[in-house]
Amino acid sequence: AISLMYKIGGGPAFEVGQPDLCLGEDIYEGGLQAYVHAVELESAGKRFLELPMLTQNMIIDSMSYPLSVLEGLHRAKRDIEMLCRGKTALEVHILDPSGSVLANTSKFEEWLHRAGTHVNELHICFVGPEVPDGEARMKTSFDDQLCESCRK
């Protein structure tokens, strides 16, 4: 079921209730459970832990890529907010993305949440032989799919 969802371009929609929350050391040390609780992750009006297990797993799989990047930057002492100081746009190149990375691209909004309030555009460049032509470069800025906080 999950691989089919990726092939048709998505998974369950989810929302981060606290997009402006600073992810502190306690969240990185506490892992996914600490993150889910701190940012008030939900889907279809239900808190994450109230969702069916399949839905939880699909959201976890979707969020693992952007959260792994954020944790890697944090552990390298190069938080995304620090890297974006003085910038209004964040550009990320994703090399050789697989189907799950290309599916439900709204998950990358998490980078916009953590880049700082001065960053209001996210540019994603997918690079690789498996990337469909129309998806090779994507600009996300004040898009209808962004949360209310990111549209401000």
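Attention in this report is confined to the structure presented alongside it. (Residues numbered from 1 in each chain as written. Predicted model: local features only at pLDDT ≥ 70, side-chain atom pairs only at ≥ 80, totals over all residues. Heavy atoms only, no water.)

Observations regarding the overall build of the chain
On a plain count of helices and strands, the chain comes out with seven helices and six strands. The linear arrangement of helices and strands in the chain, starting from the amino end, is α-β-α-β-β-α-α-β-α-α-β-β-α. In the chain, the proportion of contacts linking residues at least 24 apart, taken out of those at least 6 apart, comes to 64%. Surface accessibility of the chain: about 8800 Å² in total, with carbon and sulfur atoms responsible for 52%. (Helix = DSSP H or I, 4+ residues; strand = E, 2+ residues; numbered from the N terminus. Contact = heavy atoms within 4.5 Å. Areas by Shrake-Rupley, 256 points an atom, 1.4 Å probe, with all protein chains shown as cover.)

Side note on the pairing of strand β4 (residues 89–95)
Looking along a regular strand, one sees the side chains alternate between the two faces of the sheet. Residue alternation in β4 divides its side chains into a buried set, L90, V92 and I94, and an unburied set, A89, E91, H93 and L95. In terms of strand pairing, β4 meets strand β5 (residues 121–127) through seven bridges, oriented parallel. Within β5, the position partnered with A89 by the bridge is E121. (Buried < 20%, exposed > 50% of the residue type's maximum accessible area, 1.4 Å probe, protein only. Pairing = 2+ DSSP bridges.)

Points about the sheet that holds strand β2 (residues 41–43)
The sheet built from three strands is open, its strands ordered β1-β2-β3 with antiparallel pairing. Two strands in the sheet have a free side with no partner beyond their single neighbour: β1 (15–16) and β3 (46–47). The sheet contact formed by β1 and β2 spans two bridges and is antiparallel. Looking at the pairing, V16 lines up with L41 of β2.

Some details on the nonpolar core
Counting residues in hydrophobic clusters, the biggest one holds 30 residues, and the most contacted among them are Y35, L41, L90, I94, F108 and W111. Secondary-structure elements contributing two or more residues to this core are α2 (25–39), α3 (53–75), β4, α6 (109–114) and β5. Of the residues forming this core, the biggest block, five residues, is contributed by α2. Once residues within four sequence positions are removed from consideration, L41 is found in contact with F14, E15, V16, V36, R47, F48 and I59. (Core = buried A, V, L, I, M, F, W, Y, C linked by side-chain atoms within 4.5 Å.)

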